[in-house]
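Below are the chains, spelled out letter by letter.
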Amino acid sequence: MKIALGSDHGGYLLKTEIKAHLESKGYEIEDFGCCTPEAVDYPDIGQAVGEAVAAGKFEKGILCCGTGIGISISANKVPGVRAALCGDCFSAKASREHNDANILALGERVIGVGLAKMIVDIWLENEFLGGRHGCRVDKIKAIEDKFSK
Ligand code: RB5
């Protein structure tokens, strides 16, 4: 599975940890930055990863910022992105099974590295259940269509 990674400076250290974790498990990673702890603007990274995932170049994306909030809001502006900010394992599983989230967002200043890695693993290992959840995700797409005109 090809995974797009990205962070601003607030999520840089967590992204570095997650990158090493995923590479050790054999995932193919592309890092969309940032590449140093220097300050950058999270919307730029959220948009870049969001566009890459929405275009189908990557099956999934993982984004980190200080809280995970700004970068997930930014990615969610890209049509086709369903970015889920998760700080617990239950939400990580549900975001795949119910929402078909294609991007996971994490907050470096909110959760520890151990929990973040567990959330990442659960998120990557669980599949969308479809059925009634599929109808609801279709309604999300309908909202996008309405406002993209
Ligand atoms: C950067 O200081 C911080 O605002 C950013 O990483 C993030 O938390 C925004 O939502």
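Residues numbered from 1 in each chain as written. Predicted model: local features only at pLDDT ≥ 70, side-chain atom pairs only at ≥ 80, totals over all residues. Heavy atoms only, no water.

(A) Local environment of unusual backbone geometry. Here the residue pair glycine 33 and cysteine 34 is connected by a cis peptide bond, since its omega of 5 degrees sits within 30 degrees of zero. Its location among the elements puts cysteine 34 in the loop between β2 (28–31) and α2 (42–54). A positive phi is found at aspartate 100, a non-glycine position, where the angle reads about 50 degrees. Positionally, aspartate 100 belongs in the loop between α4 (89–97) and β5 (103–107). (Helix = DSSP H or I, 4+ residues; strand = E, 2+ residues; numbered from the N terminus.)

(B) Spotlight on the site of the ligand. The environment of the ligand is made up of Asp8, His9, Gly10, Tyr42, Cys65, Gly66, Thr67, Gly70 and Arg109. One of the side-chain nitrogen or oxygen atoms of aspartate 8 is found 2.6 Å away from an oxygen atom of the ligand. Arginine 109 places a side-chain nitrogen or oxygen 3.3 Å from an oxygen atom of the ligand. Considering the ligand on its own, with 290 Å² of exposed area, one finds that the protein chains cover 73% of that surface. Looking at the shell around the ligand residue by residue, the class counts come to two nonpolar, five polar and two charged. (Near = heavy atom within 4 Å. Polar contact = N/O pair within 3.5 Å; in protein donor to acceptor, adjacent residues only side chain to side chain. Areas by Shrake-Rupley, 256 points an atom, 1.4 Å probe, with all protein chains shown as cover. Nonpolar A, V, L, I, M, F, W, Y, C, P; charged D, E, K, R; others polar.)

(C) Region of interest: the packing of aromatic side chains. Throughout the structure, instances matching the rule amount to one aromatic pair. Residues phenylalanine 32 and phenylalanine 58 carry aromatic rings whose centres are separated by 5.6 Å and whose planes lie at 75 degrees to one another, so their mutual orientation is edge-to-face. Of this pair, phenylalanine 32 sits in the loop between β2 and α2 while phenylalanine 58 sits in the loop between α2 and β3 (60–65), and the two are 26 residues apart along the sequence. By relative accessible area, phenylalanine 32 is classed as partly exposed at 25%. Overall, the relative accessible area of 7% leaves phenylalanine 58 in the buried class. Above the face of the phenylalanine 58 ring, lysine 2 is positioned so that its terminal group lies 5.2 Å from the ring centre. (Phe/Tyr/Trp six-rings, centres within 6.5 Å; stacked < 30°, edge-to-face > 60°. Buried < 20%, exposed > 50% of the residue type's maximum accessible area, 1.4 Å probe, protein only. Lys NZ or Arg CZ within 6 Å of the ring centre and 35° of its normal.)

(D) Examining the environment of valine 40 more closely. By the element assignment, valine 40 lies in the loop between β2 and α2. Residue classification places valine 40 among the partly exposed positions, given a relative accessible area of 28%. Residues valine 40 and histidine 9 lie 31 residues apart in sequence; the distance between their C-alpha atoms is 6.2 Å. Dropping the residues within four chain positions of it, valine 40 is found in contact with Ser7, Asp8, His9 and Cys34. (Contact = heavy atoms within 4.5 Å.)

(E) The pattern of salt bridges, seen in detail. On inspection of all chains with the given rule, the structure shows 10 salt bridges. As a salt-bridge pair, glutamate 127 and arginine 96 come within 3.9 Å of each other at their nearest N and O atoms. A residue pair is termed long-range when its members are at least 10 positions apart, and glutamate 127 in the loop between α5 (113–125) and α6 (132–147) and arginine 96 in helix α4 qualify at 31 residues. Residue classification places arginine 96 among the buried positions, given a relative accessible area of 4%. One salt-bridge network, in which partners are shared between bridges, spans Arg82, Arg96, Asp100 and Glu127. (Salt bridge = Lys/Arg side-chain N within 4 Å of Asp/Glu carboxyl O.)

(F) Representation of the environment of phenylalanine 58. As a C-alpha pair, phenylalanine 58 and asparagine 102 span 44 residues in sequence and 9.4 Å in three-dimensional space. Setting aside residues up to four positions removed in sequence, phenylalanine 58 forms contacts with Lys2, Ile3, Ala4, Glu30, Phe32, Ala52 and Val53.

Any functional reading would require information that these geometric values do not contain.
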